[in-house]
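# Chain and residue survey
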Amino acid sequence: MKYKKIVEGRFLSRPNRFIAHVEIEGREEIVHVKNTGRCRELLLPGACVFLSDEGQREGEAGIKGGRKTRYDLVAVRKGNRIVNMDSQAPNAAVGEWLVGSGLFKDIEEIRPEYTYGDSRFDFYIKTSEGNALMEVKGVTLEEGNVVSFPDAPSERAVRHVNELIAAGQSGYKTYILFVIQMSKVSFFTPNERQHAAFAKCLREAARAGVSVLAYESRVTPEGMSIGEPVPVVLEYAWEYQVCVAPLLAWYDKGHRALPWREHPQGYDVWISEIMLQQTRVEAVKPYFARFMEAVPDVASLASIEEERLLKLWEGLGYYNRARNLKKAAMQIMEEYGGRMPNRYEELLTLPGIGSYTAGAIASIAYGQPVPAVDGNVLRVLSRLTGDERDVSKESTKKEIAQRLKTVIPKSRPGDFNQALMELGATVCLPAGKPGCEECPWKGMCRVHLEGGEEAYPKKAPKKGRKIEKRTILILQDEDKTALLKRPEKGLLAGMYEFPSLSGSRSRKEVLTYLESMGLKPLRIRRLPPAKHIFTHIEWHMEGYIIRVDEFSSVKLTADRAGWIFAKGRETEENYPLPSAFAAYAGYLNIRQGRAALEEERKTGEMTGMEETDESTFDSSSLL
């Protein structure tokens, strides 16, 4: 499709849909605009435009007083590409393309403007295999190399799509062809922000069997012809594509310096990511430093005694994470000769490593273009796109990961994944008002533009936690305190605890129990109540500190009950005691978990801590 004669001009203004003021060779001319759409991102003051010189014609519609116009505005330069914006050009170019055996190889007849029932379609095509109907839509809206339609609400477009669905049900092969009036674009997607009903209708049409196609065009000032097909993306928003560049620029400008980021190695990234599951960065940093000093490589992790490992982990919680680290290290020693596997699929075979952790290690340490979707990522992307789906569902997480695979930059996959996490940790916060003014996406985030950040992400209501009442017994014989090792499976498996009774017990009930165990209490004092929250359970605890007679049969009782009596220093160094008992551990005069690290920091043994707020979660590692 070619124009007879083209002249170049400079766009000045557009007083209405039909005309524009353009400077041509130093004079201002009123020209006809061959596109009644908004085209606001194209027709900017000073833009280079191209006009078809059709000679003098009598007054166009919308021009008062029958003013004569000589020129049609048909194209505009946008950046390094030329965009054709002539509404009639797509049909003309498609007609030539079809005749030239584009799409169909055995056409017997082509009829433009074909009436079917109460509808009129752009093309009827008869082939040896049957009859087809085609509707053509020109596309001029481009953002970040992503093109979309429409640029304004269009009930007419919705009607056309519905009519195609009906024609398909009556036996026609049906097509809707989006002619992209430019070249070198990434993909086409319906413009859900402008017209959600059209996007929904187009998805329904695709499911009903309508072929939804998009082709870019070879555009010059003198004309346009159909070029190569481009991907059609119906199931998610264009924001995924255009968010990449501003996100990386923001990350480069000032991301946090973290010890596992500076020179990322597979082992370091693995340990940090496991620690960061359900734990804030401010808590993880000193644990990471201590852990790496004590367990610097896979071999030392594989050989460490479990109680020593759990002691190093004391205070971080979710102790199966630590056990899975050791199991995975043993597997790496056996199957990979002690070297961290560097492929996503291999990492997934290791205990405690799910899709998020495998994606983080593979992308950050080994440069593989795979996504790492955690709670931060789900939150920021649901806000960016206005995603109404329940992010706690595995199907939602998998689909978002698939979307990210199409846009993750192959040159910087680790930075991209960390930038998403960083945005969720420092700006797009889960509680309270997010720091939207600091966000690199504030101009494109749907939820921010609509003012509803705190309503996202969408999650199904959590089930109420089961409440368990327990009575904790701090049994002391001189300078020793009774401890009991928990079962090797289940909650807090293999950890140590204080002896306890189920339920909320009175002083009299406690004394009766101790006497039944052969112990002679000398003193008993009630302690303040405490509460500890696990994922699905809450412990509501009562406590008693009891001094027992050292000359009674303590050892016999301890052996029978499975207790050990340990000094405070022994407990601090050798017996991992969960933070669930922190309220009562103070009576042993020991430093426990985070308190121990805090004490080390105060005495100068740990340095460089920084207060941050980041949590990540990979449910597969907690099984």
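Here the structure is shown first, and the text comes after it.
Presented here is a report on the structure given in the accompanying data block. Just so we're clear, the structure is a prediction, and the values are computed from it rather than from any experiment. (Residues numbered from 1 in each chain as written. Predicted model: local features only at pLDDT ≥ 70, side-chain atom pairs only at ≥ 80, totals over all residues. Heavy atoms only, no water.)

Proximity of charged atoms lets side chains of opposite charge pair with each other. Enumeration over the complete set of coordinates arrives at 34 salt bridges. Among the ionic pairs, E142 bridges to R81, the shortest N-O distance being 3.5 Å. Of this pair, E142 sits in strand β10 (residues 141-143) while R81 is found in strand β6 (residues 81-84), placing the two residues 61 residues apart along the sequence. Assessed through its relative accessible area of 10%, R81 is described here as buried. (Salt bridge = Lys/Arg side-chain N within 4 Å of Asp/Glu carboxyl O. Helix = DSSP H or I, 4+ residues; strand = E, 2+ residues; numbered from the N terminus. Buried < 20%, exposed > 50% of the residue type's maximum accessible area, 1.4 Å probe, protein only.)

Axis separation between helix α12 (residues 355-366) and helix α15 (residues 413-426) bottoms out at 7 Å; the angle between their running directions is 130 degrees. It follows that α12 is oblique to α15 by the angle criterion. α15 is crossed by α12, and the crossing has left-handed handedness. Contacts from Y356, G359, A360, S363 and I364 in α12 reach P413, G414, N417, Q418 and M421 in α15. Residues belonging to the contact of α12 with α15 are distributed by class as follows: five nonpolar, five polar and no charged. (Axes fitted to C-alpha atoms, helices over the stretch in contact; angles between N-to-C directions. Parallel < 35°, antiparallel > 145°, perpendicular 65-115°, else oblique. Left-handed = near helix turned anticlockwise from the far one by under 90°. Contact = heavy atoms within 4.5 Å. Nonpolar A, V, L, I, M, F, W, Y, C, P; charged D, E, K, R; others polar.)

It is worth spelling out the sheet that holds strand β11 (residues 146-149) at this point. Neighbouring strands of a sheet are bound in pairs by backbone hydrogen bonds; such pairs are parallel or else antiparallel. Taken together, the three strands give an open sheet; going across it, the order is β10-β11-β13, and neighbouring strands pair in mixed fashion. The outermost strands of the open sheet, each flanked by one partner alone, are β10 and β13 (187-190). Going across the sheet, the axis of each strand differs from the next one's by a mean of 35 degrees, ignoring polarity. In the sheet, β11 pairs with β13 via four bridges, with the strands oriented parallel. Residue pairing in the sheet places F149 in a bridge with P190 of β13. (Pairing = 2+ DSSP bridges.)

Formed by 68 residues in total, the largest nonpolar core has its most connected members in Y267, W270, I271, F291 and L301. Excluding its chain neighbours within four sequence positions, the residues that come into contact with I271 are F288, F291, M292, L301 and L325. Counting 47 residues, the second-largest nonpolar core is a separate cluster that includes Y71, V139, I165 and L234. (Core = buried A, V, L, I, M, F, W, Y, C linked by side-chain atoms within 4.5 Å.)

Let us look at helix α3 (residues 196-207). End to end, α3 covers 17 Å across twelve residues, agreeing with the expected 16 Å (1.5 Å per residue, within 8%). Along α3, the residues classified as buried are F198, A199, C201, L202, R203 and A205. Among the structural elements, β11, α2 (155-169), β12 (173-180), β13 and β14 (211-220) are those in contact with the buried residues of α3. Just past α3, the residue G209 takes up positive phi, approximately 110 degrees. (Expected span 1.5 Å × (residues − 1).)

This model, assessed by the stated rule, comprises 14 aromatic pairs. Among the aromatic side chains, those forming a connected cluster through ring pairs are F149, F178, F188 and F198. A cation sits over an aromatic face here: K458 above Y456, 4.7 Å from the ring centre. The ring of W539 carries the charged tip of R470 above its face, separated from the ring centre by 4.1 Å. (Phe/Tyr/Trp six-rings, centres within 6.5 Å; stacked < 30°, edge-to-face > 60°. Lys NZ or Arg CZ within 6 Å of the ring centre and 35° of its normal.)

Okay, the packing of helix α7 (residues 281-294) against helix α9 (residues 306-313) next. Across the interface, α7 lies against α9 with an axial gap of 10 Å and an inter-helix angle of 155 degrees. Relative to α9, the element α7 lies roughly antiparallel. Judged by residue contacts, Y287, R290, F291 and A294 of α7 engage R308, L309, K311, L312 and W313 from α9. A breakdown of the residues in the contact of α7 with α9 according to their chemical character gives six nonpolar, no polar and three charged.

By themselves these figures say nothing about function.
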